[in-house]
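# Examination of the molecular architecture
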Amino acid sequence: MKKYWSFFKMRLMAGLQYRAAALAGMSTQFVWGTMEILLYRAFWLESPEKFPMGMEALSTYIWLQQAFLTLFAMWNWEYDILESVKTGAVSYELLRPTDIYSMWMARSIANRLARAALRMIPVIVVASFIPAPYGLRLHISPAVFGLFLLSIVLMVLVVCSYTLLVYALTFYLTDPNGIMVVSVAAADLLSGAVVPLPFLPDGLRKFAELTPFASMQNVPLRIFNGNIPLSEIPGVMGLQVFWIVTLISAGYLLTRNGLRRAVILGG
């Protein structure tokens, strides 16, 4: 475990060096968040009674989504891992006295945390000063805030384990681009990235809630803005734990089997 922790810290420190990229990302997120809120505001002013959540709760959802974007964005791939599997360079990883799946997990978590650490505080601070109902609402109880933090941890594990499942499937494909496109499209629609899940039609929303995608950004953001009642929080967080165990088990087994099937050629 110590070697994985050391590797995690190394990747985290390396990711924290990209301050210029983080500044550019923050600028984009402020503009995008403002555009989204203005778009929803137009519909809200027309018929607020049809909104499944209030404008203040929706604004909070959007600003948190922008603040933690790099934690759950499915397009945040590590292309060198995919390329190493595709080209066979992953064989070098087998020379190390480590488990390759655990190393990938430590690397994926560190990469996402490093990018989020540089962006989330400025976005949260600035958004909290925007007048209601278009700013970030911070007045929540300590108990709900604690559940929100725990759900963020579980969400990161769900996202990373799902990402590693895609990496593992690369062992069985000649080109990973197809499955990458499909996985990003499915995650964006069913996790609440395009629109919050309460805004989807009932049939699609109920289906989404049964998939691992609903255990991503949907859960922590709706816990924070109060859209998930306190009585339902243990259930949705339990579903997060279920998907963590399921995805990690599937990804680990596929990776181990893929490595066993690998054929390395050379002179």
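This write-up is about the structure you can find in this document. (Residues numbered from 1 in each chain as written. Predicted model: local features only at pLDDT ≥ 70, side-chain atom pairs only at ≥ 80, totals over all residues. Heavy atoms only, no water.)

## Let's talk about the packing of aromatic side chains
A complete count under the given rule lists 12 aromatic pairs for this structure. Centroid distance W77 to Y167: 6.1 Å. Interplanar angle 55 degrees. Geometry classified as tilted. Separated by 90 residues along the polypeptide, W77 in the loop between helix 4 (69–72) and helix 5 (79–87) and Y167 in helix 8 (residues 142–169) bring together distant segments of the chain. Under the relative-accessibility criterion, Y167 is labelled buried at 1%. Three or more aromatic residues joined by ring pairs form one cluster here, namely F68, F145, F148 and F224. (Phe/Tyr/Trp six-rings, centres within 6.5 Å; stacked < 30°, edge-to-face > 60°. Helix = DSSP H or I, 4+ residues; strand = E, 2+ residues; numbered from the N terminus. Buried < 20%, exposed > 50% of the residue type's maximum accessible area, 1.4 Å probe, protein only.)

## Some details on helix 9 (residues 177–190)
With 14 residues, helix 9 ought to run about 20 Å at 1.5 Å a step, and its terminal C-alpha atoms sit 20 Å apart, in line with that. Among all positions of helix 9, only M180, S183, V184, A187 and L190 are buried. Within helix 9, the buried residues cover an arc of 155 degrees as seen down the axis, which keeps them to one side. Away from its buried face, by an angle of more than 90 degrees, helix 9 presents the exposed residues V181 and V182. (Expected span 1.5 Å × (residues − 1). Arc of directions from axis to C-beta.)

## Considering the packing of helix 8 against helix 9
Close contact between helix 8 and helix 9 brings their axes to 10 Å; oriented N to C, the two are set at 160 degrees. Between helix 8 and helix 9, the interaxial angle falls into the category roughly antiparallel. The element helix 8 and its partner helix 9 pack so that their crossing is right-handed. In this structure, helix 8 uses Y162, V166 and L169 to contact helix 9, whose residues at the interface are I179, M180 and S183. Of the residues assigned to the contact of helix 8 with helix 9, the class counts are five nonpolar, one polar and no charged. (Axes fitted to C-alpha atoms, helices over the stretch in contact; angles between N-to-C directions. Parallel < 35°, antiparallel > 145°, perpendicular 65-115°, else oblique. Left-handed = near helix turned anticlockwise from the far one by under 90°. Contact = heavy atoms within 4.5 Å. Nonpolar A, V, L, I, M, F, W, Y, C, P; charged D, E, K, R; others polar.)

## Section: the pattern of salt bridges
Applying the stated criterion across every chain yields a total of four salt bridges. The shortest N-O distance in the salt bridge between R107 and E78 comes to 2.6 Å. Here E78 lies in the loop between helix 4 and helix 5 and R107 lies in helix 6 (residues 100–117), a separation of 29 residues in the sequence. No difference in accessibility class separates R107 from E78, as the two residues are buried. Close ionic contact of R205 with D202 constitutes a salt bridge, the shortest N to O distance being 3.5 Å. Here R205 pairs with D202, and both are found in helix 10 (residues 202–209), just three residues apart, close to one helical turn. Since its relative accessible area comes to 52%, D202 is described here as exposed. Ionic contacts of the salt-bridge type, sharing partners, join the residues E78, D80 and R107 into one network. (Salt bridge = Lys/Arg side-chain N within 4 Å of Asp/Glu carboxyl O.)

## Let's talk about a nonpolar patch on the surface
A contiguous nonpolar patch, built from V31, W32 and M35 and spanning about 340 Å² of accessible area, is present on the exposed surface. Of note, W32 is situated in helix 2 (residues 19–46). (Patch = residues over 30% accessible without salt bridge, like charges linked within 9 Å, V, L, I, M, F, W, Y side chains within 5 Å. Areas by Shrake-Rupley, 256 points an atom, 1.4 Å probe, with all protein chains shown as cover.)

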